[in-house]
Amino acid sequence: MLKKKQPIVTLVGAGPGDPDLLTIKGAKALAEADVVLYDALANEEIFTYAPKKAIKIFVGKRKGCHEYSQDQINQLIVDNALTYGHVVRLKGGDPFIFGRGSEEIDFIESFGIPTSVVPGISSSIAVPAYQGISLTKRGVSESFWVITGTTSYRKLSNDVALAAQSSATVVILMGMSKLTQIIDLFQKESKGETPVAIIQNGTTAQEKIGVGTINTIEQVVVKQQLSSPAIIVIGEVVKESNKLKGFYEEFIAKELK
């Protein structure tokens, strides 16, 4: 009779999309997995690091299409750990940045199951970086906000209005459905000319980019056919990117016509 494995759960940040941005520690955790529960934003190419015999369960959540509720995911993690042993909970980006990682750990540990966390490279930093956008830059931006565009109550975060009053770079995740509201808040602060970049499927082969200003970005979104999942970056640092200078030169030329 086979000895039952000790239950354990490891939360692993899968990174922003490019499978090469998974950490070495994350790959080592996957190599020891009996079960992998993964999100919609976790690149499935990462499964090459997991044993072929490991059970893979998709528990992704996308707007309007939830495979499982959070309560069901929590229970699935526990059930699989008790049944099979080592569960790797693979979450896009970093588990503790809008990933509900702490909620999952609280639930898992209430059953006496040991947990550990492998941080991931957050898309809030990596996706702008891939486009040469430095969220802080001497003489341009001294700080940055990372805000969820949609709270658990499906509302725009109140922090966006506060961020619009600051001189900081603003990075908004899960904000495409609230873009009009975001623009209104910045326009109320007389920031219509502030540069904006929207990056869809950042760091992947499907990446799409649109740049403009607060006043023009909605037209850019329509023209470029941008949609979720995408990151919105607002601030003067967008204009400072060498990689995006061509976009801006073309944009300014059109504005002058």
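The following refers to the structure shown. All values reported here derive from a predicted model rather than from experimental measurement.

1. A look at the sheet that holds strand β11 (residues 208-213)
At step 1: The strand order across the open sheet built from five strands is β8-β9-β12-β10-β11, with neighbouring strands paired in mixed fashion. Pairing within the sheet leaves two strands with one partner each, and these edge strands are β8 (144-148) and β11. Pairs of neighbouring strands in the sheet enclose a mean axial angle of 15 degrees, with direction left out of account.
At step 2: In terms of strand pairing, strand β10 (residues 195-200) meets strand β12 (residues 230-234) through five bridges, oriented antiparallel. Note on β12: the bridge partner recorded for A197 is V233.
At step 3: Contacting β8, β9 (169-173), β10 and β12, helix α4 (residues 123-130) crosses the sheet at an angle of about 75 degrees to β12.
At step 4: Packing of helix α7 (residues 217-224) onto the sheet brings it into contact with β10 and β11, and relative to β11 it is tilted by some 155 degrees.

2. With respect to the packing of helix α2 (residues 70-84) against helix α3 (residues 101-109)
At step 1: In the contact formed by α2 and α3, the axes pass within 10 Å of each other and the chain directions differ by 50 degrees. Relative to α3, α2 is oriented oblique. Considering only the axes of α2 and α3, their crossing is right-handed. Residue-level inspection shows Q70, I73, N74, Q75, I77 and V78 of α2 in contact with α3, the latter providing E103, E104, F107 and I108.
At step 2: Split by residue class, the contact of α2 with α3 holds five nonpolar, three polar and two charged.

3. Comments concerning the sheet that holds strand β2 (residues 35-38)
At step 1: Spatial ordering of the open sheet is given by β3-β2-β6-β1-β7, a layout of five strands whose pairing is parallel. The open sheet has two edge strands, β3 (55-58) and β7 (115-118), and neither has a second partner. Here the average twist between neighbouring strands, direction ignored, is 20 degrees.
At step 2: Here strand β1 (residues 8-13) runs beside β7; their pairing, made up of four bridges, is parallel. Considered in β7, the bridge of L11 is made with V117.
At step 3: In the packing of helix α1 (residues 24-31) onto the sheet, the strands contacted are β1, β2, β6 (86-91) and β7, and the crossing angle to β6 comes to about 140 degrees.

Rules used throughout
Residues numbered from 1 in each chain as written. Predicted model: local features only at pLDDT ≥ 70, side-chain atom pairs only at ≥ 80, totals over all residues. Heavy atoms only, no water. Pairing = 2+ DSSP bridges. Helix = DSSP H or I, 4+ residues; strand = E, 2+ residues; numbered from the N terminus. Axes fitted to C-alpha atoms, helices over the stretch in contact; angles between N-to-C directions. Contact = heavy atoms within 4.5 Å. Parallel < 35°, antiparallel > 145°, perpendicular 65-115°, else oblique. Left-handed = near helix turned anticlockwise from the far one by under 90°. Nonpolar A, V, L, I, M, F, W, Y, C, P; charged D, E, K, R; others polar.

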